[in-house]
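Structure assessment
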Amino acid sequence: MPETCRTSASRLAAAAPDPVPFFSQESSFAEVWPTVRGHCRDVIERGRCAHGSKVAELEDALRAWTGARHVVGVNSGTDALVLLLRACGLAPGEEVVVPAFGSAATASAVLLARGRPRFADIEPAGYGLDPDAAAAAVTPRTRIIMPAHLSCRMADIAGIAAVARRHGLGLVEDSAHAVGMRWNGVHAGLLGRGGALSFFPTTTLGAIGDAGAVLTDDAEVAAAVAELRHQGRAGRTLEHVPGLSDLGVPIRADSRMDDLQAAVLLAKLTRLDADIARRAELAAAYTERLSGVPGIKRLPDPAVRRGGGSPVYHAYLVEVEDREALVGTLAAVGVGAETYHPTPPHLEPRFARLGHRRGEFPNAEAACAAAVALPLYPDLAMSAVERVCDAVAHFYTGRRAA
């Protein structure tokens, strides 16, 4: 970093205006609060706070919005993946090909479903599972390929689906962060057996706690997930549960969605299209101001080389030089930023049993060493984007962004 850029953090912080948090939904939540309050009143009056009518109402609304034939609400995006893998017939010890970049929840879900993750490298632009790397990872024990859609665009689902067909494998999508992303008009999660959505607060459609859902066009998969989420009990809601099923569903912890989270999601779904448009507007402003700034190695690339994908900015992810120093400097001036997945999943202790070594997946490891997410959410003011960009540019050049 140039000596001219080594400005005292205390001086910068003293002169800084109000902080720019990495995430906030205070303003937008205030706008939907009257609707949320009405839904919550319904929940309390009915006395069903989990797996009740609000969850069923949300499932209907998500079916309409995504075009899925079936939506099953569960308690988290991770459990959505676990139940989906089990519903697709993954047997103990069978392999699932997963990307070597992204949330460790992708590979952890495979372990929780009693399978074995089989890591493969990513494409440098877009961070999606590389089809050729996925094909090379296939062994006689492989049963499923599970790409993850990250940042702002879908993985190369056409190429990955071709690999799955060629090897006779199932295709399941970790579409946790892909609300609104579509491939030739088909929503993410519906290009194979099914997909998982996460409604963690920072996602494109966020609750105020954990919640998730499985999307699928396969009636058998949907029925299996619905039973697995509730200890093998059949029935769309608790009011429809006739008793324990006799299908031999393995016992597991409850994975039902809370009706209060469904109430929040129903309210926020009414503004989802506007929120997605706002995210795109903010992302465009970032790209305009950060293009050409020294020290930034890669900006988000929403383009898809094959197929008709539609980008949605769940996160604004950039790759930079001196990442840790940049994040520390941004924090000192009140700007929130997060290093995304600093340790590649295959090198995390929880996956040590798989025996991977550094250098096996160079694209994923390079992304883990350089990627940082800048603030991006509908409540973010354009002036805040300018401030973030100025802080980033000043770190590398000593000047504000152009």
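Now for a description of the structure that goes with this document. Starting afresh in each chain, residues are numbered from 1 along the sequence in its written order. Selection of residues for local features in this predicted model requires a pLDDT of at least 70, selection of side-chain atom pairs for listing and counting requires 80 or more, and totals for whole chains, interfaces and linings are taken over all residues. Only hydrogens and water are removed before side-chain values are computed, so all heavy atoms of the structure are retained for them.

1. Considerations on the packing of aromatic side chains
What describes a pair of aromatic rings is the distance from one ring centre to the other and the angle between the planes of the rings. The rule is short: rings of Phe, Tyr and Trp, with Trp giving its six-membered ring, pair when the centres are within 6.5 Å, and they are stacked under 30 degrees, edge-to-face over 60, tilted in between. Summed over the entire model, instances satisfying the criterion amount to 7 aromatic pairs. A centroid spacing of 6.3 Å and a plane angle of 25 degrees characterise the contact between Tyr313 and Tyr316, whose relative ring orientation is stacked. Three or more aromatic residues link up through ring pairs in this structure, and these residues are Tyr286, Tyr313 and Tyr316.

2. So, the packing of helix α10 (residues 272-290) against helix α13 (residues 382-397)
Each axis is a line fitted through C-alpha atoms, and for a helix only the stretch in contact is used; angles between axes span 0 to 180 degrees, taken between their N-to-C directions. Think of it this way: any DSSP run of H or I at least four residues long counts as a helix, any run of E at least two long counts as a strand, and we number them from the N terminus. Closest axis-to-axis distance for the α10/α13 pair is 10 Å, and the angle between their directions is 30 degrees. Taken together, α10 and α13 sit at an angle that is classed as roughly parallel. As for how α10 packs across α13, the hand of that crossing is right-handed. Side by side, α10 and α13 meet where Arg278, Glu281, Leu282, Ala285, Tyr286, Arg289 and Leu290 of the first sit next to Met382, Val385, Glu386, Val388, Cys389 and Val392 of the second. Following the grouping adopted for this structure description, the nonpolar residues are Ala, Val, Leu, Ile, Met, Phe, Trp, Tyr, Cys and Pro, the charged ones are Asp, Glu, Lys and Arg, and the polar ones are all others, Gly among them. Residue composition of the contact of α10 with α13, by class: 9 nonpolar, no polar and 4 charged. Roughly parallel covers angles under 35 degrees, roughly antiparallel covers those over 145, roughly perpendicular covers 65 to 115, and oblique covers all other angles. For any pair of crossing helices, the crossing counts as left-handed if the nearer helix is rotated counterclockwise from the farther one by less than a right angle, and right-handed if it is rotated clockwise. Between two residues, a contact is recorded if the distance between any of their heavy atoms is within 4.5 Å.

3. Points about the nonpolar core
What we call a nonpolar core is a set of buried Ala, Val, Leu, Ile, Met, Phe, Trp, Tyr and Cys residues that are connected through their side-chain atoms within 4.5 Å. A simple rule labels every residue: compare its accessible area, found with a 1.4 Å probe on the protein chains alone, to the largest value its type can have, and call it buried under 20%, exposed over 50%, or partly exposed in between. By size, the foremost hydrophobic cluster in this structure holds 47 residues, and its most contacted members are Leu85, Val96, Phe101, Phe119 and Met146. Secondary-structure elements contributing two or more residues to this core are β1 (70-74), α4 (77-87), β2 (95-99), α5 (105-112), α8 (219-228), α12 (362-370) and β14 (371-374). If you tally residues by element for this core, the top one is α4, at 7 residues. Apart from residues no more than four positions distant in its own chain, Val96 is found in contact with Leu85, Leu90, Val110, Arg116, Pro117, Arg118, Ile144 and Met146.

4. Some remarks on the environment of Met154
Note that Met154 resides in the loop between β4 (142-145) and α7 (157-167). Remark: the alpha-carbon pair of Met154 and Val312, spanning 158 residues in sequence, is separated by 9.0 Å. Excluding residues that lie within four positions of it along the chain, Met154 makes contacts with His149, Glu173, Met181, Arg182, Trp183, Ala188 and Leu191.

5. Let's talk about the pattern of salt bridges
The salt bridge criterion pairs a side-chain nitrogen of Lys or Arg with a carboxyl oxygen of Asp or Glu, the two atoms within 4 Å. Applying the stated criterion across every chain, the model contains 15 salt bridges. Between Arg256 and Asp254 there is a salt bridge, with its nearest N and O atoms 3.5 Å apart. By relative accessible area, Asp254 is classed as partly exposed at 33%. Shared partners join several salt bridges into a network, and the residues in it are Glu31, Arg271 and Asp275.

6. Re the environment of Glu281
Mapped onto the elements of the fold, Glu281 is located in helix α10. Spatially, the C-alpha atoms of Glu281 and Pro378 are 9.5 Å apart, while their sequence positions differ by 97 residues.

7. Remarks on the sheet that holds strand β10 (residues 296-298)
Here a strand pair is declared whenever DSSP counts at least two bridges between the two strands. On the basis of which strands lie adjacent, the open sheet formed by 4 strands has the order β10-β12-β14-β13 and antiparallel pairing. In the strand order of this sheet, the two ends are held by β10 and β13 (338-339), each with one partner. Across 2 bridges, β10 lies against strand β12 (residues 316-320) in antiparallel orientation. Note on β12: the bridge partner recorded for Ile296 is Val320.

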